[in-house]
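Summary of the model geometry
Each chain is listed here by its residues.
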Amino acid sequence: MKTLAIIGAQWGDEGKGKVTDFFASRCDVVVRFQGGNNAGHTIVVDGRKIVTHLVPSGILTPHALSIIGHGVVLDPRSFAQEHADLTAAGVSISSANLKISLHCNIITRYHRLLDGARETQGAVKLGTTGRGIGPAYEDRAARRSLKLADLLDEKRLRAQLAQVLDEKQILFEQRYHVDYPSLNDEAAALLELGEFLRPYAADTFSLLHELQSQQRKILFEGAQGILLDIDYGTYPFVTSSSTGLAGIYAGAGLQGAPDEVVGLCKAYTTRVGSGPFPTELLDETGSTLRELGGEYGATTGRARRCGWLDLPLLRYAVRAGNLTSLALTKLDVLAGLPALQACVAYEYDGQHLDVSFPGLDLARVRPVYEVLPPLQDAAGLGAGSLPPSVANYVAFIERHLQIPVGLLSFGPERSQLRQLREYF
Ligand code: IMP
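Residues numbered from 1 in each chain as written. Predicted model: local features only at pLDDT ≥ 70, side-chain atom pairs only at ≥ 80, totals over all residues. Heavy atoms only, no water.

Take the environment of Gly35 next. Among the secondary structure elements, Gly35 is positioned in the loop between strand S2 (29–32) and strand S3 (41–45). Given the relative accessible area of 0%, Gly35 is considered buried. C-alpha of Gly35 to C-alpha of Val333: the two residues are 298 residues apart in sequence and 28 Å apart in space. Discounting chain neighbours no more than four positions away, the residues touching Gly35 are Gly71, Val72, Val73, Tyr137, Gln224 and Ser241. (Helix = DSSP H or I, 4+ residues; strand = E, 2+ residues; numbered from the N terminus. Buried < 20%, exposed > 50% of the residue type's maximum accessible area, 1.4 Å probe, protein only. Contact = heavy atoms within 4.5 Å.)

Turning our eyes to something else, we now look at the site of the ligand. If you check the shell around the ligand, you find 15 residues, and the closest are Asp13, Asn38, Thr129, Thr239 and Arg302. Here an oxygen atom of the ligand sits 2.6 Å away from a polar atom, N or O, in the side chain of Thr129. Relative to its unbound accessible area of 470 Å², the ligand is 97% covered by the protein chains. The residue inventory of the shell around the ligand, partitioned by class, reads six nonpolar, seven polar and two charged. (Near = heavy atom within 4 Å. Polar contact = N/O pair within 3.5 Å; in protein donor to acceptor, adjacent residues only side chain to side chain. Areas by Shrake-Rupley, 256 points an atom, 1.4 Å probe, with all protein chains shown as cover. Nonpolar A, V, L, I, M, F, W, Y, C, P; charged D, E, K, R; others polar.)

The strand order across the open sheet formed by 10 strands is S9-S7-S5-S2-S10-S1-S11-S15-S19-S20, and the pairing between neighbours is mixed. Since the sheet does not close on itself, it has two edges, and those belong to strand S9 (201–202) and strand S20 (417–419), each with one partner. Bridge count between S2 and strand S10 (residues 218–221): four bridges; the pairing is parallel. By the bridge assignment for S10, Val29 is matched with Ile218. Here helix H1 (residues 16–24) sits on the sheet in contact with strand S1 (3–8), S2, S10, strand S11 (260–266), strand S15 (325–329), strand S19 (405–409) and S20, set at roughly 175° to S1. (Pairing = 2+ DSSP bridges. Axes fitted to C-alpha atoms, helices over the stretch in contact; angles between N-to-C directions.)

A separate point is the packing of helix H10 (residues 311–320) against helix H12 (residues 388–401). Here H10 crosses H12 at 60°, and the two axes come no closer than 10 Å. It follows from the interaxial angle that H10 and H12 lie oblique. Note that H10 runs across H12; the crossing there is right-handed. Across the interface between the two elements, Leu311, Leu314, Arg315 and Val318 from H10 touch Phe396, His400 and Leu401 from H12. Partitioning the contact of H10 with H12 into residue classes produces five nonpolar, one polar and one charged. (Parallel < 35°, antiparallel > 145°, perpendicular 65-115°, else oblique. Left-handed = near helix turned anticlockwise from the far one by under 90°.)

On to the nonpolar core. In this structure, Phe220, Leu331, Leu334, Tyr393 and Ile397 are the most contacted members of the largest nonpolar core, which totals 68 residues. No other element matches H10, which puts seven residues into this core. Leu54, Ile100, Tyr110 and Leu114 belong to the second largest nonpolar core, which has 35 residues in total. (Core = buried A, V, L, I, M, F, W, Y, C linked by side-chain atoms within 4.5 Å.)

With 14 residues, H12 should reach 20 Å at 1.5 Å per residue; the first-to-last C-alpha distance of 20 Å fits that figure. If you check which residues of H12 are buried, you get Ser389, Val390, Tyr393, Val394, Phe396, Ile397, His400 and Leu401. Angularly, the buried residues of H12 cover 155° about the axis, an arc narrow enough to put them on a single face. Among the exposed residues of H12, those oriented more than 90 degrees off its buried face are Pro388 and Arg399. One or two positions beyond H12, positive phi appears at Gln402, with a value near 60°. (Expected span 1.5 Å × (residues − 1). Arc of directions from axis to C-beta.)

As a further point, take the side chain of Thr108. Looking at where Thr108 falls in the secondary structure, it is placed in the loop between strand S8 (105–106) and helix H3 (109–121). Look at Thr108 and you get buried, because its relative accessible area is 0%. Filtering out sequence-adjacent residues up to four positions away, Thr108 remains in contact with Arg77, Leu146, Glu186 and Leu190.

As a further point, take the pattern of salt bridges. Evaluation of the coordinates by the stated rule reveals 20 salt bridges. The partner of Arg118 in a salt bridge is Glu138, with the nearest N and O atoms 2.7 Å apart. Of this pair, Arg118 sits in helix H3 while Glu138 sits in helix H4 (residues 133–141), placing them 20 residues apart in sequence. Residue Glu138 is classed as partly exposed on the basis of its relative accessible area, which comes to 39%. Among the salt bridges present, the one from Lys168 reaches Asp139, with a minimum N-O distance of 3.0 Å. Highlighted residues: Lys168 in helix H5 (residues 154–176) and Asp139 in helix H4, separated in sequence by 29 residues. One salt-bridge network, held together by shared partners, links Asp13, Lys266, Glu295, Arg304 and Lys330. (Salt bridge = Lys/Arg side-chain N within 4 Å of Asp/Glu carboxyl O.)

Pasting the structure below:
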């Protein structure tokens with residue numbers, strides 16, 4: 001196997017950092033292809049917590065090359081901060097192990113300002129991460145995005161910025177009443193950041209093509225999840241990029257199909273931000289899951305909403321994401337609960353639905369639950385045969401989703417991972 005993609009099968013936060021780190025250690029190249037610093041991928045190394053936002057988790061594997069593809073929205077200020085934090089944590093970053101596409105879309109101060117103004121003053125509060133992701137992708141679609149290459153050329157940058165700010169001025173002054181950056185200030189700041197980014201800037205598309213031709217092992221690291229996908233997700237409560245395979249083709253480049261698409265799936269469900277959540281637990285069980293699972297956002301610190309596993313949504317994610325196997329995470333958290341349930345179907349307008357579909361109004365479905373034996377014997381998950389309750393839960397999920405579970409994660413440490421299937 002040479003190419004493997006990791007895609008979130010739920011609403012993000014499925015534990016991608018740790019699983020990506022596991023695969024990255026077996027790969028030559030790790031690629032981010034969409035999203036930006038709205039992501040927060042947590043990896044615990046020897047008891048030390050490291051969170052990456054924009055930089056691929058592969059940066060923690062010394063021999064791997066990390067690539068940020070052109071579909072990513074890159075905030076240079078945030079990159080500089082992450083670079084400093086990772087370096088302080090002893091992670092080595094250089095132009096030898098990190099390449100950033102010259103064609104990456106740039107998030108600027110006005111994108112962050114707009115995101116914040118809309119969240120506080122807009123009619124609908126989406127609960128975004130406030131990182132300027134949506135406004136930056138809007139500019140990309142409107143064909144006025146700044147690209148990394150623009151930050152390396154003052155003339156190009158000023159011309160492009162003048163065009164964008166001219167229009168934004170009306171929004172800031174007349175709609176949101178927020179001070180907006182002047183052309184000179186913004187150009188000066190971005191040019192300085194451009195110099196910081198210059199050593200990493202590269203034609204990553206050709207590089208990736210070459211690496212694939214050389215039969216290198218390549219890992220595509222998705223951010224967020226299928227249910228936050230701009231087309232397949234719970235619109236409008238979604239992020240602004242394609243979080244599945246389409247995002248790989250659009251935002252990095254890949255010849256053929258990936259050999260394996262691993263869907264990341266928590267043993268229960270969480271969601272951060274607004275939007276419908278059929279299996280949400282608003283009772284004590286939900287609070288227990290939040291506390292046991294440390295369910296607070298790695299990027300914003302917001303409390304995550306918690307609920308039982310939702311199989312109609314997962315069946316949909318398997319189809320929408322072309323998932324070939326699953327990595328099941330946070331089993332140790334479920335082990336702390338005295339009872340276990342999973343949603344196997346929905347009742348919707350008098351119909352029985354086994355699987356969700358684009359546009360289904362999830363606020364109106366009624367989950368149908370199956371009661372399962374609790375996972376209280378999950379402590380011995382590390383070695384030997386699987387504890388019966390865990391084996392039963394895994395078989396239950398496989399039966400319902402018709403794809404194998406290939407990895408089990410049962411704690412934050414790198415070592416708390418069990419492989420049920422060979423990948424690389
Ligand atoms: P945005 O991506 O900041 O525009 O936020 C849009 C929605 O996606 C909000 O509900 C966010 O909470 C959610 N979101 C964005 N990134 C992540 C992530 O990495 N994990 C979980 N939720 C996310």
